[in-house]
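So you can see what is in the structure, the chains are spelled out below.
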Amino acid sequence: MTNRPEGDARAARNERREAARQRAQRARAQQKRRQRGTRLGLQIGLGAVLLAAVAVVTLVLVDSVQPAGPGPSTMSQGGITIGQDLEPVDSASTPSPSATGASDPVRITMYVDYLCDTCAQFEKANGDYIASLVDSGAATVDIHPVAVLTNRSQGTKYSLRAANAAACVADRSPGQFYAVNQALFARQPDQGTSGLTDAQLERLVTGVDGVRETAAIRDCIQDQTFAKWVDERTADVTGGDIPGSSLSEFPGPPLVLVNGKQYELTAPITNDDFRTFVVSAAGASDATPSPTATPTPSASASAG
């Protein structure tokens, strides 16, 4: 066996080293390409996430600054005016408190929250009495649903949803608004609970006798069509814009006025006291009903 020349051995070693160096270079080049691809993928992914986040924030901001849509046509000033036969009337045609004369109907104005327990107590004591005055033509009543207790229902915003439901009725079936108003108080949930669901509100409202366009009212409740409008009106009222009143500060619900004069709630709330106030605030005119007038049967009784 012959030995290879030393030069040949050295050349072979050099070739092997060169081949190993080239393989290492190729491996490093491939690794760099993979790293660049990974970085590019991460950058593209991060960019997509950021764009999505910006889009979501933009939509939220745009939605939050959009003005509230128009309210029901029967609630041009935030409340619905109910007149003789418990039918809605044009609020512009009813006299202002300062212009009310001896022969004009008494004008009762109420700001109510459907989660307000004091509002429910006032309704229980005086709802039928007010209905009897209005039904006979002796008075009109302006009812303004507000939502000042929206944060007292475990996050479900029951106060706002109930006021929206009332606005849906004012829009689609205003002739039954007073009965629905009574029904909402009759089924009032306790503060601090989740309140009625939208489905329960739908059944309650559309179950009141005589309510029309029930499908449209259900859609209105589900879509919360007037929620932003109610929220905006509530902000206006709590900010001191109180139609039918000379007050500059909202004392909280229920706010009850008779010919513009504020009724101070008693404890307990009684019908006798309110009837006396109605006669006094109206000036005991010939058109004013007697404080001993007998209330009509509850309009909410038909709601079951």
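Use the structure listed above.
None of these values were measured; they are calculated from a predicted model.

Enquirer: Report on unusual backbone geometry, specifying residues and quantitative values.
Expert: With an omega dihedral of -5 degrees, the bond running from Pro253 to Pro254 counts as a cis peptide bond. Secondary-structure assignment places Pro254 in the loop between helix H7 (227–238) and strand E5 (255–258). Ala267 connects to Pro268 through a cis peptide bond whose omega is 0 degrees. Backbone geometry places Asp85, a non-glycine residue, at a positive phi of 65 degrees. Although it is not a glycine, Glu213 sits at a positive phi angle of roughly 50 degrees. Relative to the helices and strands, Glu213 resides in the loop between helix H5 (198–206) and helix H6 (214–223).

Enquirer: With reference to specific residues and values, describe the state of the cysteines.
Expert: In this structure the tally under the stated criterion is one disulfide. Between the sulfur atoms of Cys168 and its disulfide mate Cys220 the distance is 2.0 Å. With the S-S bond torsion at -80 degrees, the cross-link from Cys168 to Cys220 turns out left-handed. Of the two residues, Cys168 is situated in helix H3 (residues 158–172) and Cys220 in helix H6; the sequence distance between them amounts to 52 residues. We classify Cys220 as buried; its relative accessible area is 6%.

Enquirer: Outline the pairing of E5, supporting the account with residue identities and numerical values.
Expert: Burial along E5 is two-sided: Leu255 and Leu257 and Val256 and Val258, pointing in opposite directions, are all buried. Direction of pairing for strand E3 (residues 106–112) relative to E5: antiparallel, over a ladder of four bridges. Across the sheet, Tyr111 pairs through a bridge with Leu255, a residue of E5. In this sheet, strand E6 (residues 261–262) lies alongside E5 in antiparallel orientation, the contact comprising two bridges. In the strand pairing of E6, Leu257 is matched with Gln262. Connecting the antiparallel pair E5 and E6 is a turn made up of two residues, with Asn259 showing a positive phi of about 50 degrees.

Enquirer: An account of the pairing of strand E4 (residues 139–145) is needed here, citing residue identities and associated values.
Expert: For E4, the buried fraction is high: seven of the seven residues fall into the buried class. Burial of E4 is two-sided: the residues Ala139, Val141, Ile143 and Pro145 facing one way and the residues Thr140, Asp142 and His144 facing the other way are all buried. Two strands pair when backbone bridges link them, and strand E1 (residues 80–83) and E4 are joined in this way by three bridges, in the antiparallel orientation. Residue Ile80 lies in a different strand from E4, and its bridge partner there is Ile143. In this sheet, E4 lies alongside E3 in parallel orientation, the contact comprising seven bridges. Residue pairing across strands places Val112 opposite Pro145, the latter belonging to E4. Handedness of the crossover is the feature at issue here: the chain leaves E3, passes through helix H2 (residues 117–136), returns alongside E4, and the resulting connection is right-handed.

Enquirer: Would you mind going over the pattern of salt bridges in detail, with residue names and values included?
Expert: What the rule picks out here adds up to six salt bridges. The closest approach of N and O atoms between Asp198 and Arg161, which form a salt bridge, is 2.7 Å. With a gap of 37 residues between them, Asp198 in helix H5 and Arg161 in helix H3 connect regions that are remote in the sequence. The salt bridge partner of Arg233 is Asp236, with a shortest N-O separation of 3.1 Å. On the criterion of helical spacing, the pair formed by Arg233 and Asp236 is a turn pair, its members being three residues apart in helix H7. Linked through salt bridges whose partners overlap, the residues forming this network are Asp171, Arg172 and Glu213.

Quick notes on the rules
Sequence order sets the numbering: in each chain, residues are counted from 1 along the sequence as written. Under the rules for a predicted model, residues below a pLDDT of 70 receive no local features and side-chain atom pairs below 80 are neither given nor counted, while totals for whole chains, interfaces and linings still include all residues. As a convention, hydrogens and water are excluded, and side-chain values are obtained from all of the structure's heavy atoms. Helix and strand labels come from DSSP, where a helix needs a run of H or I of at least four residues and a strand needs a run of E of at least two; each type is numbered from the N terminus. For this text, the term disulfide refers to a pair of cysteine sulfurs within 2.5 Å. The buried label applies to any residue whose accessible area, calculated with a 1.4 Å probe on protein chains only, is under 20% of its type's maximum; exposed applies above 50%, and partly exposed to all values in between. A pair of strands is treated as paired once DSSP finds two or more bridges between them. When the strands point away from the viewer, a crossover counts as right-handed if the path from the first strand over the helix to the second runs clockwise. Just to be clear on terms, a salt bridge is a Lys or Arg side-chain nitrogen sitting within 4 Å of an Asp or Glu carboxyl oxygen.

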